[in-house]
Amino acid sequence: MISIKASNYSVHFNNTAYRQLNLYLEQNVFSKLFVLVDTNTNQHCFPNFMSRLETNLNIEIIEIEAGEAHKTIETCLGVWNALSELGGDRKSILINLGGGVVTDLGGFVASTFKRGIKYVNVPTSLLSMVDASIGGKNGVDLGVIKNQIGVINSGEMVIVDTTFLDTLPQNQLKSGWAEMLKHGLIAEIDYWKKLSDLSQLTLEDLDQLIYNSIIIKNTIVNKDPYEIKERKHLNFGHTLGHAIESYFLSSKHKNELLHGEAIAIGMILECYLSYKLLNFPKSDCDEVKNVINSLFQQVDITSNDYESIIELLKFDKKNEHGNVNFVLLEALGKPKVNCLVENDLILEAFDYYKN
Ligand code: GLY
C-alpha cells in the first residue's frame, strides 16, 4: 500500500512501514528511544514490534495502565518523570505503541517534555489506526471530560501494522468501525454503503477499508489542521457521543462505554436532529440507526440520565460564546457545522434511539 502523505509526516503500512521507521531511526541522530506501552500492548504487541525494529539505539520501555480512566494528567506526570529519570533529553524519541489512549497521551507527553521531543505513533487498535493516531491531535481528559487538555502537534510518522488487529477483541474492533462509519457518513456515500453491508465484507477487505478511512480523515485534516472549519466535520456524532461517554465513565451505576460505542449512539441521535432540523431524509436516518443497531447492543439510557448528559454538553470543545455547536447532516456526505439545538429536541432524539 502506498504511504499516505500528510502535511508534515507520512502514514506507512505494514512491511513498508517498518522499513521506513528503521531508515528514519538510522538517518537521524537520537540519544535514546523510549517506547510507551500500556499493560495490554506491552504483552500483546511489544514483542512483535521489537522483532521488526532494527536499531542500535538504547531502548527504554515505559508502561502505563490500560484504559480511558488512565488518560489523565497524573499518568502524564508518571511518564514525564520516567523520561526524566531514564535520561531522556531533547534528542530522545518516543514511540507510542498502543490504542487511542497511548497515542493521545504519548503525543501530548512528547509535545511538552523539554518543550517537545520527536514522536512516532504505532497504533495497535482499529480506532487509533483510523482516527486517534492521525492528524496530530493529542492530549488527556480532565476528570471525566474528554480531551480537554492537549495540543495539535503531529508526530514524525504513523506506522500502521494491521497484524496487531489479530489480537484485538471484537468490541474494540467495533469501536473503531464506528469511526469508519462516520467517515462514510460525513464524506463519502459509497464508502458508507460499502461499510454498512457487513454481509458483503470479509476480513481481507479490512486493510483497504482502513486505508480508505485514513485517506478521508487525512484529506479533511490537510485542509484545516487547526479545526477552524472542515475538521469540525470529524466531530459528527461526537457532541452527544462524548457527553454520553463522559456520563457513563463518571456514573457509579453504569459500565464504562468504549469511545466508538458512545459515538455510535451519538451518530443515531445526531442523525435524528439532522432529520428534524435540516431535512436529512428520514429513510437515511432509519438506515443509520438500523446499521448501527445491527452492530452494537442497545445501551440502556433512561430519562433519569438525560439531564446529566445534556449538562455535560457545556464542556464540548466546539462550543463558542456559550453555544453548543453541533455538526449535523443535510444529506449523506454533506455535513453542516455550528448547528444550534433545543434541549427538547435532544430528548426526542433519545426517544428515537430507544424505540
Ligand atoms: N478525532 C477528530 C479529529 O481528529 O479531528
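We now turn to the structure provided with this report.

Rules and cut-offs
- Residues numbered from 1 in each chain as written.
- Predicted model: local features only at pLDDT ≥ 70, side-chain atom pairs only at ≥ 80, totals over all residues.
- Heavy atoms only, no water.
- Helix = DSSP H or I, 4+ residues; strand = E, 2+ residues; numbered from the N terminus.
- Expected span 1.5 Å × (residues − 1).
- Buried < 20%, exposed > 50% of the residue type's maximum accessible area, 1.4 Å probe, protein only.
- Core = buried A, V, L, I, M, F, W, Y, C linked by side-chain atoms within 4.5 Å.
- Contact = heavy atoms within 4.5 Å.
- Near = heavy atom within 4 Å.
- Polar contact = N/O pair within 3.5 Å; in protein donor to acceptor, adjacent residues only side chain to side chain.
- Nonpolar A, V, L, I, M, F, W, Y, C, P; charged D, E, K, R; others polar.
- Pairing = 2+ DSSP bridges.

A separate point is helix 5 (residues 100-112). In a regular helix each residue adds 1.5 Å, so 13 residues correspond to 18 Å; helix 5 covers 18 Å between its end C-alpha atoms and thus fits that length. Across the 13 residues that make up helix 5, a large majority, twelve, are buried. Of the positions making up helix 5, those classed as buried are Gly100, Val101, Val102, Thr103, Asp104, Leu105, Gly106, Gly107, Phe108, Val109, Ala110 and Ser111. At the C-terminal side of helix 5, Lys114 shows a positive phi close to 50°.

Once that is clear, we can look at the nonpolar core. Ranked by size, the top nonpolar core spans 101 residues in total, and within it Trp177, Ile210, Ile244 and Ile301 carry the most contacts. In terms of residue count, helix 11 (residues 259-278) provides more of this core than any other element does, eleven residues in total. Setting aside anything within four residues of it in sequence, one finds Ile210 in contact with Leu126, Met129, Val130, Val160, Thr162, Leu165 and Met180. Within the second largest apolar cluster, 19 residues are counted, among which are Cys76, Leu83, Ala110 and Tyr119.

The immediate surroundings of the ligand are formed by Asp131, Lys137, Lys217, Glu227, Arg231 and Leu234. A distance of 2.9 Å is found between an oxygen atom of the ligand and a side-chain nitrogen or oxygen belonging to Lys137. Between the ligand and the protein, one listed contact pairs an oxygen atom with a side-chain N or O atom of Arg231 at 2.8 Å. Per-class residue counts for the shell around the ligand are one nonpolar, no polar and five charged.

Attention now moves to the pairing of strand 11 (residues 334-339). Here strand 10 (residues 326-331) runs beside strand 11; their pairing, made up of four bridges, is antiparallel. The residue of strand 11 that forms the bridge with Phe326 is Cys339. Joining the antiparallel neighbours strand 10 and strand 11 is a turn of two residues, in which Gly333 adopts a positive phi near 80°.

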